[in-house]
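Per-entry structural report
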Amino acid sequence: MSTLVLAEHDNVSLKAATLSAVTAASQMGGDVHVLVAGANCSAAAEAAAAVAGVSKVLVADNAAYEHQLAENVSLLVAEVAADYDNVVAAATSAAKNTLPRVAALLDVAQISEIMSVESADTFKRPIYAGNVIATVQSSDAKKVITVRATSFDAAAAEGGSAAIESVVSVHDAGISTFVGEEVAVSDRPELTAASVVISGGRGMQNGETCKLLDGIADKLNAAIGASRAAVDAGFVPNDMQVGQTGKIVAPELYIAVGISGAIQHLAGMKDSKVIVAINKDEDAPIFQVADYGLVADLFSALPELEAAI
Amino acid sequence: MKVLVAVKRVVDYNVKVRAKADGSDVDLNNVKMAINPFCEIAVEEAVRLKEAGVATEVVAVSVGPKACQEQLRTALALGADRAIQVEVEGSVEPLVVAKLLKGVVEKEAPQLVILGKQSIDGDNNQTGQMLGALTNMAQGTFASEVKIDGDSVNVTREIDGGLQTVKLTLPAIVTTDLRLNEPRYASLPNIMKAKKKPLDVLTADDLGVAISSHVTQLRVEPPAERQAGIKVGDVAQLVDKLKNEAKVIA
């Protein structure tokens, strides 16, 4: 048994979600190899080689893979997959884009966003926005699987010493090109990797008052998130959305401010270790999942909280 | 330019779906069904392309039992010109749906295929990408903007941390994210007109596709419930609890 993990990286460093995918791969049994497809990505490959539990790193270093275009990377992964029983990746936007193409090229199903490995062929995954957990069994000889990163502990980023091998084949489908990217630059930790997340909802009323979260986030080294209501109202950009169709987060501490707690939002954060809800509506559903609830007007509670921590 | 739009019949997004007590499956008795919200956005985008004079014809397709004709009629009421139902019994896996859609793509030869990024029942997020691989078409998934530019299309995509724009050679595939557009409501005259629009029915045999199954659902269960915690009186008490009881802040 052997499993290939497709690394999520920016050509320089490995994304934390990959460490969770390595853990899931280890639970499937057998060797765990990591494929780093990128351009000038040797630093990312070295980071992958240092991850505990990884026995080999394959590097495909070519301009065709620089921006993780699914059309190109899927051809590469499908070719490399010939030697493996499983192909696994964290369910990031890049893997969600690429892995179903790999599965179709291999003529197998993809099992999306698994939460647990029950056995070599049986997995649990959420359906219906997380309202139901399904246990599914794959009959494919080769399995293509994406992993919900928050459901698996991260493998240790140091301690491994995997061999690094080059993959020479180049696949350029020639049907897509990268035009540009607008990625928010922030000194704060990444939403899906932060140990503390503070999120604002419709109760924030406007984009200006969302700044009340900044001081608290600075003090707690927290990432800032938002509910869909806050995104749809234009308070904050959509990459901050926590929920079923946004980011799935499970930090040590999640602070929900002015968020009522719609099921789609809960699906994105209810695996957090400690949940705090601040809302002036004492009947808000968010209080049903909160460890600590504070019924208060956020415009007075937030400055108080910032001063107290 | 012909645009093909795929739509799926799913449980209405307001319905809170539960597992049956015996864990055999989800309980879908007498629940309201609707067009998958992401598919509705796909239809809207196709209709807007037609209204802008870019698309000449919008064809809606759905894979499912006869009941999915209801969702095809909805797509026709929203502005699609004609519809195709690919008749299958029960639920079919995304790979099979992609193979059936490939058959329809070969018949119809659209320049653009628009699908929802995922359906809100299985939450798989696979079909569009799989169709891309099977037809060797480029894909712009999780789209928040679609601009046709001659023989290519520029798609702005929602990715982790921001937005990415890719240029795809036509014919190509687009899967929709929530913020691509806000779908219109079908007007009563358009709902009446939709009843007269053509709706063809095809079978898997017609498309030369064998229905296969790769994944078996063994059981379903409700998610682990979180215990409700306590209400604190003020900010000072909250901070005290976080420091001394939960020990999550220093």
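The coordinates are above.
Conventions adopted
- Counting of residues starts from 1 at the beginning of each chain's written sequence and follows it residue by residue.
- Chain A is the first chain written and ligand 1 is the first ligand written, with later ones labelled in order.
- Per-residue local features of the predicted model are confined to residues with pLDDT of at least 70, and side-chain atom pairs are confined, for both listing and counting, to 80 or more; whole-chain, interface and lining totals are unaffected and use all residues.
- Segments assigned H or I by DSSP are reported as helices when at least four residues long, segments assigned E as strands when at least two residues long, and all are numbered from the N terminus.
- Taken over C-alpha atoms, the radius of gyration is set against a globule rule of 2.2 Å times the number of residues to the power 0.38.
- Labels follow a simple rule on C-beta atoms placed from the backbone: if 20 or more others lie within 10 Å of a residue's own, it is buried; if 12 or fewer, it is exposed; otherwise it is partly exposed.
- Any residue pair is listed as a contact if its two C-beta atoms, each placed from the backbone, are within 7 Å.
- Two strands pair under a simple rule: DSSP has to find at least two bridges between them.
- All axes are obtained by fitting lines to C-alpha atoms, using only the stretch in contact for helices, and the reported angles, taken between N-to-C directions, cover 0 to 180 degrees.
- Handedness of a crossover is defined as follows: with both strands directed away from the viewer, a clockwise route from the first strand across the helix to the second makes it right-handed.
- Three residue categories are used. Nonpolar comprises Ala, Val, Leu, Ile, Met, Phe, Trp, Tyr, Cys and Pro, charged comprises Asp, Glu, Lys and Arg, and polar comprises the others, including Gly.
- Take the buried Ala, Val, Leu, Ile, Met, Phe, Trp, Tyr and Cys residues, join any whose C-beta atoms are within 7 Å, and the set you get is a nonpolar core.
- Each angle gets one of four labels, with under 35 degrees taken as roughly parallel, over 145 as roughly antiparallel, 65 to 115 as roughly perpendicular, and the rest as oblique.
- The crossing is said to be left-handed when, going from far helix to near helix, the turn is anticlockwise and less than a right angle, and right-handed when the turn is clockwise.

Looking only at helices and strands, one finds eight helices and 16 strands in chain A. For chain A, the C-alpha radius of gyration of 20 Å lies close to 19 Å, the compact-globule estimate for 309 residues. Seen along its three principal axes, the alpha-carbon backbone of chain A occupies a region of about 60 × 40 × 40 Å. Taking all 309 residues of chain A together, the buried fraction comes to 61%. Counting only contacts in chain A whose residues sit at least 6 apart along the sequence, the fraction spanning at least 24 positions is 66%.

Check the secondary structure of chain B and you find six helices and 13 strands. When its C-alpha atoms are laid out on the principal axes, chain B stretches across 65 × 45 × 40 Å. Taken across its 250 residues, chain B has 47% of its residues classed as buried.

On to the sheet that holds strand β1 (residues 2–6) of chain A. Residues and elements named next belong to chain A. Within the open sheet, the seven strands sit side by side as β5-β9-β4-β1-β2-β3-β10. Their pairing is parallel. Both outer strands of the open sheet, β5 (110–114) and β10 (163–166), are each paired with one neighbouring strand and no more. Looking at each pair of strands side by side, their axes are set apart by 25° on average, direction ignored. Packing against the sheet, helix α3 (residues 70–80) makes contact with β1, β2 (31–38), β3 (56–61) and β4 (86–90), and its axis sits at approximately 155° to β2.

What follows concerns the sheet that holds strand β7 (residues 122–127) of chain A. Strand order in this open sheet of four strands is β6(A)-β7(A)-β8(A)-β12(B), and the pairing throughout is antiparallel. Looking along the sheet, the strands with just one partner apiece sit at the ends: β6 (116–119) of chain A together with β12 (215–221) of chain B. Going across the sheet, the axis of each strand differs from the next one's by a mean of 35°, ignoring polarity. Two strands pair when backbone bridges link them, and strand β8 (residues 132–138) of chain A and β12 of chain B are joined in this way by six bridges, in the antiparallel orientation. Looking across to β12 of chain B, one finds that T135 of chain A is bridged to R219 of chain B.

For the rest of this paragraph, the subject is the pairing of β3 of chain A. Residue and element names in this part refer to chain A. Summarising burial for β3: five of the six residues are buried, a large majority. By the bridge criterion, six bridges tie β2 to β3 in an arrangement that is parallel. Bridged to V34 within β3 is V57. Assessed by its sense of winding, the connection that carries the chain from β2 through helix α2 (residues 42–49) to β3 is right-handed. As paired strands, β3 and β10 are joined by four bridges and run parallel to one another. Residue pairing in the sheet places V57 in a bridge with I164 of β10.

Another aspect to go through is the environment of A81 of chain A. By the element assignment, A81 of chain A lies in the loop between α3 and β4. Residues A81 of chain A and A141 of chain A, spaced 60 residues apart in sequence, show a C-alpha to C-alpha distance of 12 Å.

Another point: the interface of chain A and chain B. Contacts between the two partners involve 67 residues from chain A, matched on the other side by 63 residues from chain B. Partitioning the side of chain A that touches chain B into residue classes produces 36 nonpolar, 20 polar and eleven charged. Relative to strand β13 (residues 230–232) of chain B, strand β16 (residues 292–295) of chain A runs parallel, the two sharing three bridges. By the bridge assignment, G293 of chain A is partnered in β13 of chain B with K231 of chain B.

Taken as a class, soluble globular proteins show a tendency for nonpolar side chains to be buried jointly. The biggest cluster of nonpolar side chains holds 194 residues, and the ones touching the most others in it are A48 of chain A together with V5, A60 and A80 of chain B. The element best represented in this core is helix α3 (residues 94–108) of chain B, accounting for eight residues. With residues near it in sequence (within four places) discarded, A48 of chain A still touches A7, L14, V34, V36, V54 and V57 of chain A.

So, on to the packing of helix α5 (residues 212–220) of chain A against helix α8 (residues 298–308) of chain A. Residues and elements named next belong to chain A. The N-to-C vectors of α5 and α8 enclose an angle of 20°; their axes lie 9 Å apart at closest approach. With respect to their mutual orientation, α5 and α8 come out roughly parallel. Handedness of the α5/α8 crossing: left-handed. Across the interface between the two elements, L212, G215, I216 and K219 of α5 pack against L302, L305 and E306 of α8. Of the residues contributing to the contact of α5 with α8, the split by class is four nonpolar, one polar and two charged.

To continue, consider the packing of α3 of chain A against helix α4 (residues 93–105) of chain A. All names here are of chain A. Remark: α3 packs on α4, axes separated minimally by 8 Å, with the N-to-C direction vectors making an angle of 50°. In terms of orientation, α3 lies oblique with respect to α4. Both α3 and α4 take part in a crossing whose hand is right-handed. Facing A70, V73, S74, V77 and A78 of α3, the residues of α4 in contact are N97, T98, R101, V102 and L105. For the contact of α3 with α4, the residue count by class is six nonpolar, three polar and one charged.

As a further point, take unusual backbone geometry. For the bond running from L170 of chain B to P171 of chain B, omega is 0°, close enough to zero to count as cis. Mapped onto the elements, P171 of chain B comes out in the loop between β9 (162–169) and β10 (172–176). We note that N40 of chain A has phi near 50°; this positive angle belongs to a residue other than glycine. Examined against the element boundaries, N40 of chain A turns out to sit in the loop between β2 and α2. Backbone geometry at E113 of chain A places phi at a positive 50°, although glycine is not the residue there. The residue E113 of chain A is located in strand β5 in this model.

Residue and element names in this part refer to chain A. Burial analysis of α4 places twelve of its 13 residues in the buried class, which makes it a mostly covered element. If you check which residues of α4 are buried, you get S93, A94, A95, K96, N97, T98, L99, P100, R101, V102, A103 and A104. A positive phi of about 60° marks D107, the residue just after α4.

Everything listed here is a matter of geometry and, on its own, says nothing about what the molecule does.
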